[in-house]
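Listed below are the residues making up each chain.
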Amino acid sequence: MDKLQRYLNHSKIDVLFKQNRDDFVVTEVPLYEFSGEGEHLIIKFRKKDLTTWDAVQVFSEQLGCKSRDIGYAGLKDKNAMTMQHISVPKSCEEKLEKFSHENIKILETTKHNNKVRVGHLKGNKFFIRLKRVTPLDAKKIEEAVSKIATFGMPNYFGFQRFGIEGNNYKKGEAIVKGELKEKNRKLKQMYVNAYQSFLFNSWLSKRIEISKLIDAFEAKEIYEKLNLPLDVVKQMKKQAHPLKIMSGDLMSHYPYGRIFHVENMEEESEKFFKLDRVPTGLLCGKRVKKSEGLAQELEKEFDVQMKEDGARRFAWVFPQEIETNYKEDKNWMELQFYLPKGSYATEFIAEVIH
């Protein structure tokens with residue numbers, strides 16, 4: 001993928017970030033409390049060096065149930081220590097006593113009246129350790145994290161979305177254009193989703209680039225450079241948030257709520273700055289609401305016709321429970337934060353260290 005725009009303006013911070021089970025820990029936050037009774041056994045477990053699918057396969061083999069009968073809320077990284085929940089049929093409870101695997105530890109069990117399904121997730125808590133961090137780097141990291149605590153961060157899809165080589169979106173593009181056939185339904189879906197994600201990231205990067213230009217130059221220069229209406233540029237320049245809202249943007253109440261078009265830019269930008277709502281970007285496809293006016297003019301470039309259903313995605317998210325802890329004797333910086341579902345911790349790190 002092309003280099004994405006970062007909204008923070010500091011130079012690259014040269015530290016070591018390795019995604020592994022010691023330095024990258026993810027804890028799932030379920031969407032709801034489990035009832036304690038019902039036909040499904042809920043297993044909270046810790047895994048390392050396994051994908052969620054690998055773990056589901058292990059549970060399936062040891063508990064004697066089909067993998068399709070096992071429910072999970074979200075896919076977790078292989079190169080991490082992760083805590084998550086699955087649901088299995090209650091009939092598996094007896095076999096659970098003999099369950100044993102070197103990379104999986106069962107933490108607790110309860111019951112619930114329905115199967116855990118993809119998306120039954122509020123968000124995730126992260127612990128990340130950066131290494132080779134000098135005292136000067138630590139100060140820069142703390143400043144960057146403080147700005148993210150104030151303004152939030154771009155809701156880019158992380159590199160994991162694009163496959164090991166980073167080019168799954170190219171296969172998705174070829175499928176959409178009819179230049180490539182993929183018989184495996186899951187693979188086809190994955191490639192097309194990667195293409196939708198690529199287009200979203202490209203759109204968001206463009207919007208951040210425009211926002212930075214608006215902050216950096218006089219209104220008249222922007223009007224001449226970008227061919228945006230002068231009165232709109234003047235309104236955008238007044239906005240306190242680094243991501244500038246445009247007329248016709250589709251906003252959403254945050255962290256959930258209905259979607260609506262911007263009518264009063266000044267009012268909506270103030271509410272965005274107060275973490276009350278966010279602009280949304282297009283995941284192109286069928287049956288999806290489109291932005292209007294100026295926002296639509298910019299969105300058009302990234303709106304590709306395809307058979308898949310489209311959606312709107314938050315352009316921006318607000319990490320919470322952010323903590324930094326610098327261990328100077330080890331040159332480590334430890335970061336902890338919470339992100340809503342669908343957002344990537346690796347993008348938090350990318351914004352901090354560039």
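Residues numbered from 1 in each chain as written. Predicted model: local features only at pLDDT ≥ 70, side-chain atom pairs only at ≥ 80, totals over all residues. Heavy atoms only, no water.

### Digging into the environment of Leu 41
Working step 1: On the secondary structure map, Leu 41 appears in strand 2 (residues 40-48).
Working step 2: The exposure class of Leu 41 is buried, given its relative accessible area of 1%.
Working step 3: With residues up to four places along the chain from it excluded, the contact list for Leu 41 reads Ile 86, Ser 87, Val 88, Pro 89, Lys 90, Glu 93, Leu 96, Thr 109, Thr 110 and Lys 111. (Helix = DSSP H or I, 4+ residues; strand = E, 2+ residues; numbered from the N terminus. Buried < 20%, exposed > 50% of the residue type's maximum accessible area, 1.4 Å probe, protein only. Contact = heavy atoms within 4.5 Å.)

### Notes on the packing of helix 4 (residues 168-176) against helix 5 (residues 185-216)
Working step 1: Running from amino to carboxyl end, helix 4 crosses helix 5 at an angle of 100 degrees, the nearest separation of the two axes being 7 Å. Viewed along their axes, helix 4 and helix 5 adopt a mutual orientation that is roughly perpendicular. For the pair helix 4 and helix 5, contact is made by Asn 168, Tyr 169, Lys 171, Gly 172, Glu 173, Ile 175 and Val 176 and by Lys 188, Met 190, Tyr 191, Val 192, Ala 194, Tyr 195 and Phe 198, respectively.
Working step 2: Here the residues of the contact of helix 4 with helix 5 sort into nine nonpolar, two polar and three charged. (Axes fitted to C-alpha atoms, helices over the stretch in contact; angles between N-to-C directions. Parallel < 35°, antiparallel > 145°, perpendicular 65-115°, else oblique. Nonpolar A, V, L, I, M, F, W, Y, C, P; charged D, E, K, R; others polar.)

### Here's the deal with the side chain of Thr 82
Working step 1: Here Thr 82 shows up in strand 4 (residues 81-89).
Working step 2: When residues no more than four places from it in sequence are discounted, the contact partners of Thr 82 are Val 26, Phe 45, Arg 46, Lys 47, Lys 76 and Asp 77.

### Concerning the nonpolar core
Working step 1: Within the largest apolar cluster, 76 residues are counted, with the highest numbers of intra-cluster contacts made by Leu 130, Ile 141, Leu 335 and Phe 348.
Working step 2: With twelve residues, the single largest contributor to this core is helix 5.
Working step 3: Residue contacts for Leu 130: discarding those within four places in its chain leaves Val 15, Leu 16, Phe 17, Ile 141, Asn 331, Trp 332, Met 333, Leu 335, Ile 349 and Ile 353.
Working step 4: One finds Leu 41, Val 58, Cys 65 and Phe 99 within the second-largest nonpolar core, a separate group that totals 18 residues. (Core = buried A, V, L, I, M, F, W, Y, C linked by side-chain atoms within 4.5 Å.)

### With respect to the sheet that holds strand 10 (residues 277-283)
Working step 1: Judged by pairing direction, the sheet is antiparallel, and its four strands sit side by side in the order 9-8-10-11 without closing on themselves. Bordering the open sheet on either side are strand 9 (259-261) and strand 11 (311-314), each of which pairs with just one other strand. Across the sheet, the axes of successive neighbouring strands diverge by a mean angle of 45 degrees, strand direction being ignored.
Working step 2: Note that strand 8 (residues 250-253) and strand 9 share three bridges and pair antiparallel. The residue of strand 9 that forms the bridge with Met 251 is Phe 260.
Working step 3: Across the sheet, helix 5 is in contact with strand 10 and strand 11; its angle to strand 10 comes to roughly 130 degrees. (Pairing = 2+ DSSP bridges.)

### Observations regarding the pattern of salt bridges
Working step 1: This model, assessed by the stated rule, comprises 24 salt bridges.
Working step 2: Among the salt bridges present, the one from Glu 297 reaches Lys 300, with a minimum N-O distance of 3.2 Å.
Working step 3: Residues joined in a network through salt bridges with shared partners are Asp 23, Arg 129, Lys 131, Lys 327 and Glu 334. (Salt bridge = Lys/Arg side-chain N within 4 Å of Asp/Glu carboxyl O.)

### Considering the pairing of strand 2
Working step 1: As judged from the nine bridges shared by strand 2 and strand 4, these two strands associate in the antiparallel manner. Counted as the bridge partner of Ile 43 is Ile 86 from strand 4.
Working step 2: Where strand 2 and strand 5 (residues 104-112) come together, eight bridges link them in antiparallel fashion. The partner of Arg 46 across the bridge, within strand 5, is Lys 105.

### Looking at a positive patch on the surface
Working step 1: A surface patch of like charges, here positive, comprises Lys 181, Lys 188, Lys 286 and Lys 307.
Working step 2: By the element assignment, Lys 307 lies in the loop between helix 9 (293-299) and strand 11. (Patch = residues over 30% accessible without salt bridge, like charges linked within 9 Å, V, L, I, M, F, W, Y side chains within 5 Å. Areas by Shrake-Rupley, 256 points an atom, 1.4 Å probe, with all protein chains shown as cover. Lys, Arg positive; Asp, Glu negative; His and termini not counted. Charge placed at Lys NZ, Arg CZ, Asp CG, Glu CD.)

### Comments concerning helix 7 (residues 230-238)
Working step 1: Regarding helix 7, the residues found buried are Val 232, Val 233 and Met 236. All buried residues of helix 7 fall inside an arc of 100 degrees around its axis, so they share one side. When the buried face of helix 7 is taken as reference, the exposed residues oriented beyond 90 degrees from it are Asp 231 and Lys 238.
Working step 2: Considering only its buried residues, helix 7 is in contact with helix 5, helix 6 (219-226), helix 8 (265-273) and helix 9. (Arc of directions from axis to C-beta.)

### A short note on helix 8
Working step 1: Among the residues of helix 8, Met 265, Glu 268, Ser 269 and Phe 272 are the ones counted as buried. Mapping the buried residues of helix 8 onto a view down its axis gives an arc of 100 degrees, with all of them on the same face.
Working step 2: Where helix 8 is buried, its residues contact helix 7, strand 8, strand 9, strand 10 and strand 12 (316-317).
Working step 3: Immediately downstream of helix 8, the backbone of Leu 275 shows phi near 70 degrees, a positive value.

### Observations concerning the pairing of strand 6 (residues 121-130)
Working step 1: The buried fraction of strand 6 amounts to eight of the ten residues, a majority that puts the element mostly inside the structure.
Working step 2: Where strand 1 (residues 24-30) meets strand 6, seven bridges bridge the pair, whose relative direction is antiparallel. Note that in strand 6 the partner of Val 29 across the bridge is Gly 123.
Working step 3: Pairing between strand 6 and strand 14 (residues 332-340): eight bridges, direction antiparallel. Considered in strand 14, the bridge of Leu 130 is made with Met 333.

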